[in-house]
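# Structural characterization, general
The residues making up each chain are set out below.
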Amino acid sequence: MLVVATTFTACAFESDLRSDSTVFAPKSPPSFDMALPIPPLADSEVIDGVRVFSLTAEEGMSEFVDGVMTTTWGFNGDYLGPTLRAQRGEDVAVEVSNHLAETTTVHWHGMHLPAAMDGGPHQPIEAGGNWRPQWRIDQPAATLWYHPHPHGETEEHVIRGLAGMFILDDERSGALGLPSQYGVDDVPVIVQDKRLRSDGEFALDSEGNEIGLLGNMVLVNGAWGAMLDVTTELVRLRILNGSSARTYDFARDDRRDFALVATDGGLLERPVTTDHVRLSPGERAEIVVAMQPGTETMLRSLPPDLGDVAEPFAFGGNSEFDVMLLRAADVLEPSAPLAEQFAEIERFAESDADNTRTFEVQNREINGQRMDMDRIDEVMQVGSTELWNVTNRDLFPHNWHVHDVQFQVLDIDGKAPPEELRGWKDTIYLEPRRRYRIMMRFEDYVDDENPYMIHCHLLLHEDEGLMSQFVVSDDRPSRNSGMGGSGDGHGH
Ligand code: C2O
Ligand code: CU
């Protein structure tokens, strides 16, 4: 008999189940023989002690599938953008020009910086306009990224291709002997699932899917079916889930272990041996993969554990597919063994909390309210440490992203977090009905006018209002919304 179950074998996406003739249906899985494109390192010039980069958002054309042309957006090119790189302690500036026909913004995801430089919805760059944020890099080495954040339009701008990496280095990260030759043994891996319409253009409509658009092709650095030639014993992959809705569970097809060395905000205390790592939209993981000469290994995505969601198949929970092939040369250059100790992470304890807040995420609301550009929801006192209780009240995926700070996960339903959530994080997946207790400290940049954002990084949800605004102030902590938490002081 004909078995429907074939839909869930190696290259299955549940979205293939739809028989929509307006959607381009990939005929065969890619052959993984195209060299992985490496985003160029951005040029910069040091002027009066400031390292200055330039980014121009522009429209172009890309050929993701042979013979199919797609209109795309990119920074300094057709699709995606160059990798910005800077050292802790440096002053950086970015001259951003918008050559698109509409307003956009550029947000520095994971960066600790003044709110006016953050590039959120309050720093619009009009068509034809420019913006020049400047700040000092003042945080540990990490794999950060940049992308637009115009209110209500973020999903579209990111799907069209506006995104890039921002790598930070520091003295410690440079002295650990980790693979660090950019594009050789230290490789950016920007993973995004896409759907094309039959006319070759990006599908932008999530067609009623609660979490947004799930693609049926997975691009890495803009290539579908890419292969990385590995020339060293160890290769470090800086994986960014740059997708708008899909959560992945990255693993090797042979299920061998690899080392997780860093998460969103930087290096872990020590390498963690694992055979898979789950990443929801916006999250990063740096992994180090050991290769044997003359062998291949496929980076693939296993069906991700989405927690207690109502319909895993509708949210990508049953999808399993290949992402990128790693092919080792017959002779590999030796790599230094991984250090046993990486970063020193000062652990927050519950007793450090100066203030507690509760955030309930439901549908497109945080604590019963949708995003309002004119309303400040929370006031954080500069220098204070906070403990937040965050719960996803829905039976579908959400995640949780906080601007300006990196946080620590104290516990999940009272239990210690898994290893991959023990380092610095700026984005975490929220399994339904679990209470995530997270802690962070607000430092340095007081600004009562310009807010930072807190939001779900499933971009459809963000666009539809699952976002709130906070300022860092000299004032005592307070909140403007109606619910829970012992930190509720005066309103506004
Ligand atoms: Cu990656 Cu508020 O964003
Ligand atoms: Cu959400």
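Residues numbered from 1 in each chain as written. Chains lettered and ligands numbered in written order. Predicted model: local features only at pLDDT ≥ 70, side-chain atom pairs only at ≥ 80, totals over all residues. Heavy atoms only, no water.

## Brief notes about the environment of T83
Here T83 shows up in the loop between β4 (68-75) and β5 (84-87). Using a relative accessible area of 1% as the deciding quantity, one classes T83 as buried. Spatially, the C-alpha atom of T83 lies 7.1 Å from that of I167, the residues being 84 residues apart in sequence. (Helix = DSSP H or I, 4+ residues; strand = E, 2+ residues; numbered from the N terminus. Buried < 20%, exposed > 50% of the residue type's maximum accessible area, 1.4 Å probe, protein only.)

## Remarks on a negative patch on the surface
Taken together, D448, E449, D474 and D475 make up a surface patch of like negative charges. Looking at the element boundaries, E449 is found in strand β32 (residues 447-455). (Patch = residues over 30% accessible without salt bridge, like charges linked within 9 Å, V, L, I, M, F, W, Y side chains within 5 Å. Areas by Shrake-Rupley, 256 points an atom, 1.4 Å probe, with all protein chains shown as cover. Salt bridge = Lys/Arg side-chain N within 4 Å of Asp/Glu carboxyl O. Lys, Arg positive; Asp, Glu negative; His and termini not counted. Charge placed at Lys NZ, Arg CZ, Asp CG, Glu CD.)

## So, the nonpolar core
What tends to happen in soluble globular proteins is that the nonpolar side chains get buried as a cluster. By size, the foremost hydrophobic cluster in this structure holds 36 residues, and its most contacted members are W388, W400, V402, I428, I438, F442 and F470. Listing elements by their share of this core, those giving two or more residues are β24 (355-362), β27 (385-392), β28 (398-402), β29 (408-412), β30 (427-430), β31 (435-441), β32 and β33 (467-473). Residues lining this core come from more than one domain, with at least three contributed by each of domain 1 (14-34 + 176-333) and domain 3 (350-487). Counting 32 residues, the second largest nonpolar core, distinct from the first, contains V230, V272, V277 and L299. (Core = buried A, V, L, I, M, F, W, Y, C linked by side-chain atoms within 4.5 Å. Domains from an automatic or database assignment.)

## Regarding the domain arrangement of the chain
One widely used convention gives an interface's size as the accessible area the parts lose upon coming together. In terms of domain boundaries, the chain breaks down into domain 1 (14-34 + 176-333), domain 2 (37-172) and domain 3 (350-487). Between the C-alpha centres of domain 1 and domain 2 the distance comes to 22 Å. Contacts between the two partners involve 38 residues from domain 1, matched on the other side by 32 residues from domain 2. Between domain 1 and domain 2 we count 0 salt bridges in total. For the side of domain 1 that touches domain 2, the secondary-structure elements that each account for two or more residues are β12 (186-194), β13 (217-220), β14 (223-224), β16 (234-241), β19 (266-274) and β21 (284-290). The biggest single contributor to the side of domain 1 that touches domain 2 is β12, with 7 residues. (Contact = heavy atoms within 4.5 Å.)

## Examining the coordination of the copper ion (ligand 2)
Taken together, H398 (ND1), C456 (SG) and H461 (ND1) make up the full set of protein donors to the copper ion (ligand 2), lying 2.0 to 2.1 Å away. Within one chain, the residues donating to the copper ion (ligand 2) are spaced in sequence as H-x57-C-x4-H. Of the two residues, H398 is situated in strand β28 and H461 in helix α3 (residues 459-463); the sequence distance between them amounts to 63 residues. Since its relative accessible area comes to 0%, H398 is described here as buried. (Donors = N, O, S within 2.8 Å, 3.2 Å for Na, K, Ca; no water.)

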